[in-house]
Amino acid sequence: MPINTKVILYYDKGSIVISGINQIPYSVIDPRTNQLRALALHYPSIITYLQNSGIQYEDNVMELIPIQTLRIENINLLLRPYQKKAIENWISAGKKGCMILPTGSGKTIIAIKLIEIINSSTLIVVPTLDLMEQWTKFLSKYFQKIEIGNIGGGLFNISGVTVSTYDSAYIRSSFIGNKFAFVIFDELHHLAAPGYRTIAEQFASPYRLGLTATYEREDSLHLDFPRLVGGIVYQSSINELARDKHLASFTVEKRYVKLLPEEELEYQKNYNQYLSYLHELGIRYSQIGLQKLIMISGKNQYARNALLARNKALDIALNSQSKIEELRKILSENPDRKTIIFTQHNKLVYLISNKFLIPFITHKSSKQEREDALNGFRDGRYRALVTSKVLDEGVDVPDAELGIIVSGTGSKREFIQRLGRLLRIKPNSKNAKLIEIVSSGTSEINTSVRRKQALKNL
């Protein structure tokens, strides 16, 4: 391969520029400069290629943030056997890869140990400001001699160990992508989104870790994770960890309720209208997905009418008065269990909160309101909380013993995340229980069936 001058590599706005060589894997000619350019993601592979080819090069890519030696006394004593195995597998895989572990299984302590092992500048990317704050507190507990940086929520102070939201990392990745040797993607499933994936592509970090309880995405974009982060290096199920007493044992119960007569009439009217509009469109029920229907509805009145009728019918099934009465019964049966009530929409959250005098958390709750509800739940002032999707992930939820799904989607991820909120080991060795309330004779039955499929993989 002809080499014109000395090969030089440097970082430029999320990519690696390579001069002094005409061709190299992972790169293309930039017509603006007539030089080779590659995604920063490929930096380690390019270095490996140059070394294996015996090509002399000058590497000016990384400008790592300085960091003092990171040491944590006795951290190995905190690690469980499966956590140690996960760490060993990640190291053996070249210090890259994804770990799939249930909520409450200690993914964060694994990350802490790996930061100590890498002992270089590290960025942790998380989906919410709440998680950014939680990670910052956790890191500060173990790395007491350094300041933990934050990017997000109006903050931009980077240090040797920094926590960023996905949104902020996405905005700044082309400017900070050569500052960190190690990048950790918490709640990894978010990374596959078309925008967020550029974080992984524009970072040159040779060491990468993905952490999640729910690896697979329904859009199959998780198939890109091996390229972006590395392959799956460790996976453990809820059942395995519960069997070994690392998580609480659990049961899942389903309770069916009948719609009130007037609700059933209104439900059937709207659901039949929905099927009628699909017939007018020439589409069988089994052929149409919600996303496709939404896309069609922008240009087709029949599709729009079908969507409206479907939503009205579903709203009746999800918010039946019979569910409220069943919820009352369940709460009276479990007076001493710390309980989280999950719903699909905020409307039902507020209804339940008002009817049963239970504190609520929604995306509209202020930070102060959220902290009061969670702290009250933690210290026993409140025995129950009601929420929509806010507590599914990204919030450190105090130990709960009973979960009640009053309404939800058919998402396997949502189901696993809600179950995961109950699985931390209980001091009194109580088993966890998750109860679904389902409106019989409605499409919600199919939704529940799809949710239950997640149990096969636990």
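Our subject is the structure listed above.
About the cut-offs
- Residues numbered from 1 in each chain as written.
- Predicted model: local features only at pLDDT ≥ 70, side-chain atom pairs only at ≥ 80, totals over all residues.
- Heavy atoms only, no water.
- Pairing = 2+ DSSP bridges.
- Helix = DSSP H or I, 4+ residues; strand = E, 2+ residues; numbered from the N terminus.
- Salt bridge = Lys/Arg side-chain N within 4 Å of Asp/Glu carboxyl O.
- Buried < 20%, exposed > 50% of the residue type's maximum accessible area, 1.4 Å probe, protein only.
- Core = buried A, V, L, I, M, F, W, Y, C linked by side-chain atoms within 4.5 Å.
- Contact = heavy atoms within 4.5 Å.

Some points on the sheet that holds strand 18 (residues 402-405)
In sheet architecture, strand pairing relies on hydrogen bonds along the backbone and comes in two forms, parallel and antiparallel.
Right, so step 1: Read across the open sheet, the six strands follow the order 14-19-18-15-17-16; overall the sheet is parallel. Two strands bound the open sheet, and with one partner strand each, they are strand 14 (250-257) and strand 16 (360-361).
Right, so step 2: Bridging between strand 14 and strand 19 (residues 432-439) involves eight bridges; their strand directions are parallel. If you follow Arg255 over to strand 19, its bridge partner there is Ile437.

Notes on the pattern of salt bridges
Right, so step 1: Evaluation of the coordinates by the stated rule reveals 24 salt bridges.
Right, so step 2: Linking Glu133 and Lys137 is a salt bridge whose minimum nitrogen-to-oxygen distance equals 3.5 Å. Here the residue Glu133 and the residue Lys137 both occupy positions in helix 4 (residues 129-142), the gap between them amounting to four residues, near one helical turn.
Right, so step 3: Residue Glu133 is classed as partly exposed on the basis of its relative accessible area, which comes to 27%.

Here's the deal with the nonpolar core
Right, so step 1: Core analysis: the biggest nonpolar cluster contains 59 residues, and Met99, Ile115, Ile124, Trp135, Leu139 and Leu209 have the highest contact counts within it.
Right, so step 2: Residue contributions to this core peak at seven residues, all from helix 3 (residues 107-118).
Right, so step 3: Beyond its immediate sequence surroundings of up to four residues, Ile124 is in contact with Ile115, Trp135, Leu139, Val161, Thr162, Val163, Ser164 and Ile184.
Right, so step 4: Among the nonpolar cores identified, the runner-up in size contains 22 residues, and Ile100, Val183, Leu188 and Val229 belong to it.

Distances and angles like these do not, on their own, reveal function.
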